[in-house]
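Each chain, written out:
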Amino acid sequence: LTAFALRSRNSRTAVMCTLAAYLLVGFYLSIFESMIGLEAARFVIVFYLLMEIEQVDWKSAVKRTMLWAWPYLLCAGGFLIWLLFIFNASRHSTDVDSLIAGYTASPLRAVVTIFVETIKDFIETIFISWVVPFYQTTVNGNYATLGLSLAVAALITGGALFYLRSYGESDQTRQNFSSAALWVGGLTTLLALLPISLAGRNVSFSFGWDRYTLHAAVGAVLVIGALTSRLTDKTRTGLLLTLMVGGVITQIYSGASYRDFWTNQRALWWQLSWRAPAIDEGTLLYARLSSFGFFEDYEIYSPANLIYTPDEKIKISADLINSQTVPLLLKQEVKGKTHREVYVRKNYKNALMMVFPTGESCLHVIDGQKVELPGFGSMDLLYLAPFSKIGRINVSAPPSVPSETIFGKPPEQNWCYYYQKISLARQQENWTEAARLSDEAAEKQFQPRDRSEWIPVFEAYANTGQLEKAASVVLLMNENRDMVLLLCSQLTNRDNFPVSYNFDYISTTLCTPPP
């Protein structure tokens, strides 16, 4: 909009575009403050356009640029003052006292670090961003997404070729573009990335840190265009179209990844609602999806509270499994945390873990006294699982139903629905109901792909005296001997199980080696 206003010969149009651009500055900064470097980039672009349009020297262009850019700089500067000196920051990257303390502790190291990291981010944004995200998003992608991405890429490529053949560009235009785009794009990229380095962050194509390249993309594209301008027409066109196709495929796969992430989250919360009618106040949840990861604890406790305490304050907390939080769990600490003015009390003595062990598994709510997993693949989870307290689930409460407005329509009541309901009946020691649900699932020909999910079915039949059915289930369970070995390692103390549990039959049938 700013560039359009500069080029416009209609004063009313120029004023309207400038006003809209000015309002958008405050809008985008309120969403993603790390993009504040765009205002320095805007200064560079305005400077270049004024030199091109008015054909003036650089000193005059600087003066004219200040007249055009001051509203934007004023808005960005006011926001920066508020963010650093008025706003009570809870993050290190916006805590000015913490940042200054880090810089003053070792000024030379800080300068070198900022310089080196900015240059690294510059290279990663301009060059590596074309390759690494493409690989990361496509390496485990399915063929349906591949077909869609290729179709969209073909359509866009066809449009680009049509445009090039219809309009093209002169050699003089390309030469002018090359010299200008290189320094404008380079400066735009550097200035957009510099605030990221100053805040102690850097570009990384993992854990969502690639978002810091978003606002610098316009500069990166200009640099790539300039660097390829000296190539022959066919080579340049082929290279740029290849990059464009790769970018389209990456974006389609990225969108599909977020779609699948949401599908997995919906499955998590709907299955938990089937499994747990209510969760006791003060419970601390751990949740792990099969192919996706949560970045923040509020991604877990916010949905949980929306389901179980929708009209109350935060009564259920959560945390991630990482090197910072595991010691808190091991030491069984109680700790409060304020995140963006929201206080959350975390009692690590009341942990409850829930996981999708594999991509083919249903949600497993972990009982720390009897861990049921497909095998020994997740050693960190096996190490932490004993801290999970299944008793934090209130099995006597009326069921809590997620809001369809927030969580969407419930998934189909397939095997996972029955697995959760059988597991709930087992925890209630209602073996008759567990066996009935197992029969109903069998009648509908629902079966698990994760063999560890046969365990509650086997126990339901064993504890209701239906030993023939129990024996048939054992044959299916034995197809995964690692799972059986893990279960048997925990069937060593009868006192850990209720009186209604047919301990002798279950332990003998599963754990006695064949003759």
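Residues numbered from 1 in each chain as written. Predicted model: local features only at pLDDT ≥ 70, side-chain atom pairs only at ≥ 80, totals over all residues. Heavy atoms only, no water.

Hey, could you run me through the overall build of the protein in this one?
When helices and strands are tallied, the protein shows 21 helices and eight strands. Computed over its C-alpha atoms, the radius of gyration of the protein comes to 30 Å, more than 25% above the 24 Å expected for a compact globule of 515 residues. Based on the C-alpha atoms only, the size of the protein along its principal axes is roughly 95 × 55 × 45 Å. Evaluated residue by residue, the protein yields a buried proportion of 43% over its 515 residues. Of all intrachain contacts in the protein linking residues separated by at least 6 positions in sequence, the fraction that spans at least 24 positions is 70%. (Helix = DSSP H or I, 4+ residues; strand = E, 2+ residues; numbered from the N terminus. Rg over C-alpha atoms; globule rule 2.2 N^0.38 Å. Buried < 20%, exposed > 50% of the residue type's maximum accessible area, 1.4 Å probe, protein only. Contact = heavy atoms within 4.5 Å.)

Is there a simple way to explain the pairing of strand S6 (residues 351–355) in this structure?
The side chains of a regular strand alternate between the sheet's two faces. Counted residue by residue, S6 has five buried out of five residues, so it is predominantly covered. Judged by which residues are buried, S6 turns out to be covered on both faces: Ala-351, Met-353 and Val-355 on one side and Leu-352 and Met-354 on the other are all buried. Sheet topology note: the strand S2 (residues 284–288)/S6 ladder contains five bridges and is parallel. Within the sheet, the bridge partner assigned to Leu-284 lies in S6 and is Ala-351. (Pairing = 2+ DSSP bridges.)

Any chance you could explain the packing of aromatic side chains here in plain terms?
For any pair of aromatic rings, the description consists of the separation of the ring centres together with the inter-plane angle of the planes. Evaluated as defined, the whole model comprises 12 aromatic pairs. With 6.2 Å between their ring centres and 70 degrees between their planes, Phe-47 and Trp-183 make a pair best called edge-to-face. Here the residue Phe-47 occupies a position in helix H3 (residues 38–54), and Trp-183 occupies one in helix H9 (residues 171–198), the gap between them amounting to 136 residues. Take Phe-47: its relative accessible area is 15%, and that puts it in the buried class. (Phe/Tyr/Trp six-rings, centres within 6.5 Å; stacked < 30°, edge-to-face > 60°.)

Explanation requested: the sheet that holds strand S3 (residues 317–318) in the structure shown.
Backbone-to-backbone hydrogen bonds pair the strands of a sheet. The strands run either parallel or antiparallel. If you walk across this open sheet you meet the four strands as S3-S2-S6-S7, and the pairing is mixed. With partners counted over all chains shown, the strands left at the sheet margins are S3 and strand S7 (364–365), one partner each. Relative to S3, S2 is paired through two bridges, and the arrangement is parallel. Residue pairing in the sheet places Leu-285 in a bridge with Ala-318 of S3.

So what exactly am I meant to see when it comes to the side chain of Ser-452 here?
For Ser-452, the location among the structural elements is in the loop between helix H17 (431–443) and helix H18 (455–462). Here Ser-452 falls in the buried class, since its relative accessible area comes to 0%.

Just checking my understanding: could you explain the environment of Glu-299 for this structure?
Tracing the sequence through the fold places Glu-299 in helix H12 (residues 298–308). Expressed as a C-alpha distance, the spacing of Glu-299 and Ala-318, which sit 19 residues apart in the sequence, is 8.7 Å. What Glu-299 contacts, discounting residues up to four positions off in sequence, is Phe-261, Trp-269 and Phe-294. In this structure the side chain of Glu-299 is engaged in a polar contact, spanning 2.6 Å, whose partner is the backbone nitrogen of Phe-295. (Polar contact = N/O pair within 3.5 Å; in protein donor to acceptor, adjacent residues only side chain to side chain.)

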